[in-house]
Amino acid sequence: MSIPKLGAVTFFDKFLGFMFIRKTGRVDENFIDRTNRYYTVIFLSFYNLYLMTDDYIGNPIYCWCPDEFTEQEVKYVHSLCYVSNTYYIPFNRQIPSNFEIRREESTELVYYQWVPLILFLMAFLLFLPRLIWKLLMLKAGMELKKMCIAAKKTIDVSPEQREKGLTIIAGYIDLFCANISRFRGGPCASLRESFSTNFVFGCGRHYGNYFISCKILLRFLYFCVSFGLLFFLNEFLGNRFYIYGYEVIRGFLRGDDWTVTERFPRQTLCDFDLRQLNNVHRWTLQCVLPMNLFNEKFFIILWFWYTMLTFLNILNVCVTLCIAVFPFQRSKFIKKYLQMAGIYERNHLQKTRINLFIHGHLKQDGVYILKQISDNANTVIVQDIIEKMWKLFLKRYDRAGPEEDEIVERENGLPPKGDDMTDDLITATTPLLERNGILKHIQEDEIMSRNNNVDRHVSFDDPKDTFTESEV
């Protein structure tokens, strides 16, 4: 069985491999995120490369020039009509003789010179949320990508190395979760804490929800970019581009020629003045824009692509918000692995501990890290990590040893069989002694023995598991 790549491996990842494009999946994103910042950017870049090649190597425009024009004048006219805005008047309409009226009644094309630059700008805007995410992860306090890679590497090593590696990973995540607190250092700590509570809605590293908060921000930015680009293209191309796809579908269903459109005309008109000595001649030439043959199809695809991407992004935001707001999914995820490890029980004491482990210790950040490891490694790895973290949690919060039998015995007020009285056992049984009123009695006797210069020792040597005292 082959080891899966980090993240989901798709056809485009393999297809783009020959271009030496990095094809390993990201450990901290899903397919919708990757579609925004990777596949869409590649799609825009490829078409932009074609347009730039056609613009700067081929001929982006051809104009029908009179025979009296020299070769140099023809080149000049082509360049002039390309950099100036041409305009479109349908063939079934007569061209007005007045140039001012002609401009008012025609559709001026102002976009075709700037398409490569606009595509570059759109690609940058789609990748910008990913850059913001990387900057935010520098402040997270956890190298999430390295953690997932380290967990994945434990699959193909010896059992001893695997145990050692998973112990280190579990200890590191456990330490990260244990150190989550609202303590702030530095200048104006109380003011910054008040600002975070009142204006940031309790989001951040000190509240245990830094990763999920950044993820919500990332996906909301993806939605804003994809939705905003539709209106940006409407301002750039004009002619109500935001309903372009609807018009194409309606024309296709009616059987109309949907390829004939005023938005991307292939034949346009160009007006220019040609100065010859003291005379200025005004010419109107008919020109062809070959690139509009491809621009038309490309922007149709882009309209449907951005529309689909907008709906996927808003769905992605809603799902992430539900995961962050409702704790059911987090509890279900951790309980599943605890049950696989044989730890999960339905008694009241165990339920209380598990809830404290999930919501009090791991919090949202800890569960998020474990979910990312689960997505990039496998179930067995995550089960072992959660089991080790559970034992560390019991040691920290219950002051108990690693064995579950010993935990039960200590909860019942009994010492472990075959063990002597140790400092750890005293520490573990102190809450029970205090609860049963025994500790107070021992402390009173201890004060009296000190006054009488007598040392007293407490032991569990009595066969009936009762406390006895011996004087030295």
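Please read these numbers as outputs of a predicted model, since none were measured by experiment. (Residues numbered from 1 in each chain as written. Predicted model: local features only at pLDDT ≥ 70, side-chain atom pairs only at ≥ 80, totals over all residues. Heavy atoms only, no water.)

Student: Quick question: what am I supposed to make of the overall build of the protein chain here?
Tutor: Of the regular secondary structure elements, the protein chain holds 17 helices and 7 strands. When burial is assessed residue by residue, the protein chain has 42% of its 472 residues classed as buried. Of the roughly 27600 Å² that the protein chain leaves accessible, carbon and sulfur atoms contribute 60%. (Helix = DSSP H or I, 4+ residues; strand = E, 2+ residues; numbered from the N terminus. Buried < 20%, exposed > 50% of the residue type's maximum accessible area, 1.4 Å probe, protein only. Areas by Shrake-Rupley, 256 points an atom, 1.4 Å probe, with all protein chains shown as cover.)

Student: Explain the state of the cysteines to me, please; I cannot follow it from the model alone.
Tutor: What we call a disulfide is simply a covalent bond connecting the sulfur atoms of a pair of cysteines. Following the criterion strictly, the structure yields 2 disulfides and no others. In this model, Cys63 is linked to Cys287 through a disulfide, with the two sulfur atoms separated by 2.1 Å. Of note, the bridge from Cys63 to Cys287 carries an S-S torsion of about 100° and is right-handed in sense. With Cys63 in strand 1 (residues 62–63) and Cys287 in strand 5 (residues 279–288), this pair connects stretches of sequence that are 224 residues apart. Accessibility classification places Cys63 together with Cys287 in one group, the buried group. With its sulfur 2.1 Å from that of its partner, Cys81 forms a disulfide with Cys270. Judged by the sign of its S-S torsion, about -90°, the cystine formed by Cys81 and Cys270 is left-handed. One end of the pair, Cys81, is in helix 3 (residues 71–83); the other, Cys270, is in strand 4 (residues 267–276), and 189 residues separate them in sequence. (Disulfide = S-S within 2.5 Å.)

Student: Explain the pairing of strand 5 to me, please; I cannot follow it from the model alone.
Tutor: Where a strand is regular, its side chains alternate between the two sheet faces. In the sheet, strand 1 pairs with strand 5 via 2 bridges, with the strands oriented antiparallel. Counted as the bridge partner of Tyr62 is Val288 from strand 5. As paired elements, strand 4 and strand 5 share 10 bridges and run antiparallel to each other. The residue of strand 5 that forms the bridge with Gln267 is Val288. (Pairing = 2+ DSSP bridges.)

Student: Please explain the pattern of salt bridges as it appears in this structure.
Tutor: Close approach of charged atoms allows side chains with opposite charge to pair. This structure, assessed with the given rule, holds 11 salt bridges. Between Arg34 and Glu29 there is a salt bridge, with its nearest N and O atoms 3.9 Å apart. Both residues of the pair, Arg34 and Glu29, count as buried. Across the pair Arg162 and Asp384 runs a salt bridge whose closest N-O atoms are separated by 2.5 Å. With Arg162 in helix 7 (residues 159–178) and Asp384 in helix 14 (residues 379–397), the pair connects residues that are 222 residues apart, well separated along the chain. (Salt bridge = Lys/Arg side-chain N within 4 Å of Asp/Glu carboxyl O.)

Student: Explain the environment of Phe231 here, please?
Tutor: Note that Phe231 resides in helix 9 (residues 210–237). Separated by 10 residues in sequence, Phe231 and Phe241 place their C-alpha atoms 7.9 Å apart.

Student: What exactly am I supposed to notice about the UniProt feature "transmembrane region" (unreviewed entry) in the protein chain here?
Tutor: Sequence positions flagged by UniProt for "transmembrane region" (unreviewed entry) are, in local numbering, residues 111–133, 216–233 and 298–326. Split by type, residues 111–133 is 83% helix and 0% strand. Its first and last C-alpha atoms lie 32 Å apart. Structurally, residues 298–326 comprises 97% helix and 0% strand, and the distance from its first C-alpha atom to its last is 41 Å. (UniProt positions renumbered as here; feature names shortened; annotations may be inferred.)

Student: Can you help me understand the packing of helix 7 against helix 13 (residues 348–376) in this one?
Tutor: Two quantities define a packed helix pair, namely the angle between the axes and the distance from one axis to the other. Here helix 7 crosses helix 13 at 150°, and the two axes come no closer than 9 Å. With respect to helix 13, the axis of helix 7 lies roughly antiparallel. Handedness of the helix 7/helix 13 crossing: right-handed. Within the contact between the two elements, helix 7 uses Ile173, Asp174, Phe176, Cys177 and Ala178 and helix 13 uses His361, Leu362, Asp365, Gly366, Ile369, Leu370 and Ile373. (Axes fitted to C-alpha atoms, helices over the stretch in contact; angles between N-to-C directions. Parallel < 35°, antiparallel > 145°, perpendicular 65-115°, else oblique. Left-handed = near helix turned anticlockwise from the far one by under 90°. Contact = heavy atoms within 4.5 Å.)

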